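# Fold and contact review
Listed here are the chains, written in short residue letters.
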Amino acid sequence: QVQLVESGGGSVQAGGSLRLSCVASGYTVSTYCMSWFRQAPGKEREGVAAIYSKGGSTYSADSVKGRFTISQDNAKNTLYLQMNDLAPEDTAVYYCAASSSSLCRLVWANPNSFVYWGQGTQVTVSS
């Protein structure tokens, strides 16, 4: 069965860094569109960044460009999100998700396009 498990969340001060991990089982991440989403209290779930190894592409939201980096270790079947220069606005529950769609460039930021989800990990940034 497809399973995604996130880890690495926590509480940090503004300007700090965290590295989130998402370990996948039941499929090979290199063949899937893999995305990180986040959801803050009272806000909609939004796409943060995505990677599609088969297409050799990465995507990210404008709000995190230059600060967050998505990567994937295919040997470990693990997805990462390196988050630097964190700000209070980044506070949210972060989820990894997988889609078998080959149109990652079109669907990566749309949560309705993803059917496999991790349990989420809390990231809290204090000012």
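Let me sum up the structure you'll find in this document. (Residues numbered from 1 in each chain as written. Predicted model: local features only at pLDDT ≥ 70, side-chain atom pairs only at ≥ 80, totals over all residues. Heavy atoms only, no water.)

### What about the pairing of strand E8 (residues 78–83)?
Judged by how many residues are buried, E8 sits mostly within the fold: 5 of 6 residues are covered. Sheet analysis places strand E3 (residues 18–25) next to E8, joined by 6 bridges and oriented antiparallel. Considered in E8, the bridge of arginine 19 is made with glutamine 82. Summarising the sheet, strand E7 (residues 68–73) and E8 pair through 6 bridges and their orientation is antiparallel. Within the sheet, the bridge partner assigned to phenylalanine 68 lies in E8 and is methionine 83. Hairpin connection of E7 to E8: 4 residues between the antiparallel strands, including asparagine 77 at a positive phi of 55°. (Buried < 20%, exposed > 50% of the residue type's maximum accessible area, 1.4 Å probe, protein only. Helix = DSSP H or I, 4+ residues; strand = E, 2+ residues; numbered from the N terminus. Pairing = 2+ DSSP bridges.)

### What about the state of the cysteines?
Within the structure shown, the criterion is met by 2 disulfides. There is a disulfide in this structure between cysteine 22 and cysteine 96, and the S-S distance comes to 2.0 Å. Given an S-S torsion of about 60°, the disulfide between cysteine 22 and cysteine 96 has right-handed geometry. Residue cysteine 22 is found in strand E3, and its partner cysteine 96 is found in strand E9 (residues 92–99); the two are separated by 74 residues along the sequence. Classification of cysteine 22 as buried rests on a relative accessible area of 1%. Overall, cysteine 96 belongs to the buried group, its relative accessible area being 0%. Note that cysteine 33 is cross-linked by a disulfide to cysteine 104, the S-S spacing being 2.1 Å. Residues cysteine 33 and cysteine 104 are joined by a disulfide whose S-S torsion is about 55°; by sign, that bridge is right-handed. One end of the pair, cysteine 33, is in strand E4 (residues 33–39); the other, cysteine 104, is in helix H1 (residues 104–107), and 71 residues separate them in sequence. (Disulfide = S-S within 2.5 Å.)

### Here's the deal with unusual backbone geometry
Its identity as a non-glycine residue notwithstanding, asparagine 77 has a phi of 55°, on the positive side. The phi dihedral of aspartate 85 is positive, around 50°, even though this residue is not glycine. Locating aspartate 85 in the fold gives a position in the loop between E8 and E9. Looking at aspartate 85, the relative accessible area reads 47%, which means it is partly exposed.

### Brief notes about the packing of aromatic side chains
The final tally for this structure, using the stated rule, is 6 aromatic pairs. Summarising the aromatic geometry, the rings of tyrosine 27 and tyrosine 32 are spaced 4.3 Å apart at their centres and angled 55° between planes, so their arrangement reads as tilted. For the pair tyrosine 59 and tryptophan 108, a centre-to-centre distance of 6.0 Å together with 15° between the ring planes defines the contact as stacked. With tyrosine 59 in strand E6 (residues 57–60) and tryptophan 108 in the loop between H1 and strand E10 (116–117), the pair connects residues that are 49 residues apart, well separated along the chain. The same class applies to tyrosine 59 as to tryptophan 108, namely buried. Three or more aromatic residues joined by ring pairs make a cluster, and in this case those are Phe37, Tyr95, Phe114 and Trp117. In this arrangement the basic side chain of arginine 45 is found over the ring face of tyrosine 95, its NZ or CZ atom lying 4.0 Å from the centre. When the ring centre of tryptophan 117 is taken as origin, the NZ or CZ atom of arginine 45, which lies over that ring, is 4.8 Å away. (Phe/Tyr/Trp six-rings, centres within 6.5 Å; stacked < 30°, edge-to-face > 60°. Lys NZ or Arg CZ within 6 Å of the ring centre and 35° of its normal.)

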